Amino acid sequence: MAVGVPGSFHSWLFPKESINFMHSSFALRWLSKLPEEVTREDSPAWNKGRVTCPLSSCQVVKAFASQFLRDMETFFRARSVELAAGGLMVVLIPCRTERTHPSESTSVHVLECLGNILMDMVKERGFVDATKETMSEEIVENLDINQLLLSHPLIPCRVADFGCSSGPNTFAAAQIVLEAVTVKFKSDGLISQLPEFQVFFTDLVSNDFNTLFASLPPERQYYTAGVPGSFHSILFPKHFLHFAYSYAALNWLSEVPKQVLDKKSPAWNKGRIYYKSTQKEVSEAYSAQFAKDLMSFLNARAQELVRGGLMALVIPGVPDITSFEMTAGLKFEVLENCLLDMVKIGLVSEEMVDSFNLPVYFPKPKELEAVIKRNGCFSIERMDTFSNPRKHATISDVKIFTSHLRAVFDGVIEKHFGSKVTNCLFELFSKKLSEAANSSSLDIQTPSALFVFLKRVQLV
Ligand SMILES: C[S@@+](CC[C@H](N)C(=O)[O-])C[C@H]1O[C@@H](n2cnc3c(N)ncnc32)[C@H](O)[C@@H]1O
């Protein structure tokens with residue numbers, strides 16, 4: 001006879017002395033609850049920023065161990081009542097030997113990785129959070145409700161994210177826009193006329209729209225649609241959008257500037273994979289490509305936005321007085337050095353490195369302003385530079401840095417070098433960063449966020 005018995009094994013499940021043989025396999029490591037002290041900020045065992053304990057402080061490990069012992073006691077107390085005299089019990093619990101360090105265990109690695117990814121997701125909201133207040137202020141100040149939304153009351157307020165990726169930042173940004181528009185309607189005494197919202201998420205066709213759709217916030221108060229295609233071209237009908245935004249996407253170039261891969265050009269970037277401000281021709285080629293791409297972006301948005309339509313752009317960049325190397329450049333330098341090391345030991349050919357450059361550019365505010373002014377379709381309502389909350393790397397950040405850099409550049413690197421070289425490259429990258437961190441010479445800074453708030457001023 002087979003029966004199902006619902007209930008926790010930390011309590012009584014069977015009548016007294018009614019079972020002759022018991023078996024539990026790989027179940028007792030699940031605790032009845034999280035030790036309370038690891039979640040309390042004021043406790044020395046607070047396990048901040050981690051989802052598991054083996055690599056945490058000894059107070060955290062102790063807290064988990066005590067909970068495990070308490071749970072074992074309750075388990076055996078309950079079983080001792082249920083087991084008939086002379087009954088047998090087999091218990092299998094995954095463990096490690098006294099001599100193995102937790103970091104040698106695969107499952108610890110998997111859990112640590114999960115924790116890092118979650119922390120990444122928290123930290124990567126950096127740009128959205130850093131600019132939230134300014135963005136809301138600008139919407140409230142610049143939104144012309146009557147011209148934009150009440151002149152066609154049956155049309156929803158149409159919002160689009162350019163370069164949305166697969167979430168979750170895009171949802172946070174959409175929410176900021178919706179809330180600010182709602183605040184504006186309330187403060188103007190027009191809340192009863194608040195329109196419906198429709199948010200379009202756009203990205204390249206290769207974007208993982210399935211993940212994006214699957215993670216849409218269930219409580220959202222807007223209609224949605226995914227729009228595939230490059231933001232350097234037109235993606236919507238003319239005068240269709242009321243609000244556009246783009247976070248951390250416009251620094252992706254449509255292509256690597258041709259000159260930097262051309263052996264005959266003075267801008268040939270031999271043995272390097274990105275630009276340095278000391279190499280004038282190379283950095284100028286990158287800057288020109290960025291300006292060209294931004295111009296195509298602005299021309300396309302100028303067609304799609306209604307007159308008076310608003311646009312917020314947040315672009316990872318570099319303050320006017322700072323050089324790129326002093327901010328975001330170091331991690332690219334480390335990556336480049338790893339590739340050159342791999343050339344030395346024959347893992348990758350020199351030609352492969354010479355024919356590869358990263359298609360990203362970190363502009364300065366004055367470059368951004370010059371292109372917007374030359375385009376002429378938008379007025380600059382506000383321009384600001386925000387430092388990234390994640391400014392310097394610490395030793396514990398090395399893994400996060402590596403996984404983040406890999407998540408961002410895996411596609412372009414793997415396409416050029418293949419998966420074997422890419423795996424090896426990021427392993428080496430992590431190792432080099434850890435070495436630098438251990439010798440305390442690690443000072444990786446992240447780019448600032450250039451924030452610009454624009455209003456569509458003329459019709460094309
Ligand atoms: C670093 S992610 C930023 C994603 C998201 N906005 C955020 O803040 O988390 C950059 C995104 O820009 C997208 N992207 C790059 N070039 C693009 C282009 N030409 N057209 C549309 N999307 C593009 C990439 O596919 C990627 O999803």
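Named according to an unreviewed UniProt entry, the protein is S-adenosyl-L-methionine-dependent methyltransferase superfamily protein originating from Actinidia rufa. Of the protein, the UniProt comment under Sequence similarities (unreviewed entry) reads exactly: "Belongs to the methyltransferase superfamily. Type-7 methyltransferase family."

Q: An account of helix α5 (residues 169-187) is requested, with residue identities and associated values reported.
A: Here α5 spans 27 Å end to end across 19 residues, near enough to the 27 Å set by a 1.5 Å rise per residue. Of all the positions in α5, only Asn169, Thr170, Phe171, Ala173, Ala174, Ile176, Val177, Leu178, Val181 and Lys184 are classed as buried. On its buried face, α5 is in contact with α3 (126-142), α4 (145-150), β3 (157-162), β4 (197-203) and β6 (241-247). Positive backbone phi, at 70°, marks glycine 189, one or two positions downstream of α5.

Q: Explain the site of the ligand residue by residue, including any values.
A: Not every one of the 17 residues close to the ligand is listed here, only the nearest: Gly163, Ser165, Asn169, Tyr247 and Ala249. The residue makeup of the shell around the ligand, split by class, is 8 nonpolar, 8 polar and 1 charged.

Q: Outline the sheet that holds β4, listing residues and values.
A: Pairing is mixed across the open sheet formed by 7 strands, whose spatial order is β5-β4-β3-β6-β7-β9-β8. A strand with exactly one partner marks an edge of an open sheet, and here the two such strands are β5 (223-228) and β8 (378-386). Neighbour to neighbour, the strand axes of the sheet diverge by 15° on average, direction disregarded. In terms of strand pairing, strand β7 (residues 305-317) meets strand β9 (residues 448-456) through 8 bridges, oriented antiparallel. Paired with proline 316 across the strands is alanine 449, a residue of β9. Along the sheet face, α5 touches β3, β4 and β6 and points at about 150° away from the line of β3.

About the criteria used
Residues numbered from 1 in each chain as written. Predicted model: local features only at pLDDT ≥ 70, side-chain atom pairs only at ≥ 80, totals over all residues. UniProt positions renumbered as here; feature names shortened; annotations may be inferred. Helix = DSSP H or I, 4+ residues; strand = E, 2+ residues; numbered from the N terminus. Expected span 1.5 Å × (residues − 1). Buried ≥ 20, exposed ≤ 12 C-beta atoms within 10 Å, placed from the backbone. Contact = placed C-beta atoms within 7 Å. Near = placed C-beta within 6 Å. Nonpolar A, V, L, I, M, F, W, Y, C, P; charged D, E, K, R; others polar. Pairing = 2+ DSSP bridges. Axes fitted to C-alpha atoms, helices over the stretch in contact; angles between N-to-C directions.

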